[in-house]
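One letter stands for each residue in the lines below.
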Amino acid sequence: MRARLAQTSLRTVHKCFPVLPRVAAASFQYPVLVVPMARLNILRYPDPRLHTVAKPVPAVDERIRRLVDDLLETMYAAEGVGLAATQVDVHERVIVMDTSETRDHPIALINPELTWASEEMRVAEEGCLSVPQIYDKVERHASVKVQALDRQGERFEMHAEGLAAVCVQHEMDHLRGKVFVEYLSALKRDRIRTKLLKKARDGQRDD
Ligand SMILES: [Zn+2]
């Protein structure tokens, strides 16, 4: 997800972890192995692969930790506040986000499940790294609780409000193949589709 406006009064409880380079333990028997993080290609709407339903992650292993790190690298490089694996054509239930103003609170949610949602709804303007330069209003729950596994495979619960609540609902939609423009009218959606197809055809820069 991409945020356009600075958000105030966030109160998000979550577990954080530092983003460290992947360095295998050095020993006399094995050479030090450094695996650089990689920026992944972000699918652009209306790519049909964005409508794929993601499968649960069977185990949080080194492959998934690498996916988390690559998603974070890609999200930060694109100046997004959230990114779902679906958006990089990996159809497993993994999302990353960082809605902090300081951009130093990366969160990974693996197999996230909504456990509670407020009755109160709120309308906020959303953008999406898969739908460049398009922002529109979407109504969502004002606050939510989400249970997930973290990068270490530990279960945790996140209580999200404000931008974090918008972001986690937006990213969890991606995992079930839903892009935020699907909340908009058919007319608006068609206009966005036409605009982005034309842009892709013209090979313009889109960010
Ligand atoms: Zn998005």
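This one's a predicted model, so the numbers in the text were calculated from it and none came from an experiment. (Residues numbered from 1 in each chain as written. Predicted model: local features only at pLDDT ≥ 70, side-chain atom pairs only at ≥ 80, totals over all residues. Heavy atoms only, no water.)

Draft legend 1. Structural detail: the coordination of the zinc ion. At 2.0 to 2.2 Å from the zinc ion lie its protein donor atoms, namely Cys128 (SG), His170 (NE2) and His174 (NE2). Here the donor residues of the zinc ion share one chain and are spaced in sequence as C-x41-H-x3-H. Within this pair, His170 and its partner His174 are both found in helix H2 (residues 162-175), separated by four residues, close to a single helical turn. Pair check on accessibility: His170 and His174 agree, each one buried. (Donors = N, O, S within 2.8 Å, 3.2 Å for Na, K, Ca; no water. Helix = DSSP H or I, 4+ residues; strand = E, 2+ residues; numbered from the N terminus. Buried < 20%, exposed > 50% of the residue type's maximum accessible area, 1.4 Å probe, protein only.)

Draft legend 2. Spotlight on H2. Here H2 spans 21 Å end to end across 14 residues, near enough to the 20 Å set by a 1.5 Å rise per residue. Most of H2 is tucked away: 14 of the 14 residues are buried. Positive phi appears at Gly177, one or two residues downstream of H2, with a value of about 80°. (Expected span 1.5 Å × (residues − 1).)

Draft legend 3. Spotlight on the nonpolar core. Counting residues in hydrophobic clusters, the biggest one holds 22 residues, and the most contacted among them are Ile95, Met97, Leu109, Met158, Ala160 and Val168. Among the secondary structure elements, those contributing two or more residues to this core are strand S4 (94-97), strand S5 (107-117), strand S8 (143-149), strand S9 (155-161) and H2. With eight residues, H2 is the single largest residue contributor to this core. Leu109 has contacts with Arg93, Val94, Ile95, Met97, Val146, Ala148, Leu149, Phe156, Met158 and Val168, leaving out every residue within four places of it along the chain. (Core = buried A, V, L, I, M, F, W, Y, C linked by side-chain atoms within 4.5 Å. Contact = heavy atoms within 4.5 Å.)

Draft legend 4. Quick peek at the environment of Arg44. For Arg44, the location among the structural elements is in the loop between strand S2 (34-35) and helix H1 (62-77). On a C-alpha basis, the gap between Arg44 and Val88 in space is 9.5 Å, while along the polypeptide they are 44 residues apart.

Draft legend 5. Expanded view of the sheet that holds S8. Ordered in space as S3-S4-S5-S8-S9, the five strands form an open sheet in which the pairing is antiparallel. Edge positions in the sheet fall to strand S3 (82-84) and S9, since each has one partner strand and no second. Averaged over all adjacent pairs, the angle separating strand axes in this sheet is 40°, with direction ignored. In the sheet, S8 pairs with S9 via seven bridges, with the strands oriented antiparallel. Bridge pairing links Val146 to Met158 in S9. Running over the sheet, H1 touches S3, S4 and S5 and is turned about 40° from S4. (Pairing = 2+ DSSP bridges. Axes fitted to C-alpha atoms, helices over the stretch in contact; angles between N-to-C directions.)

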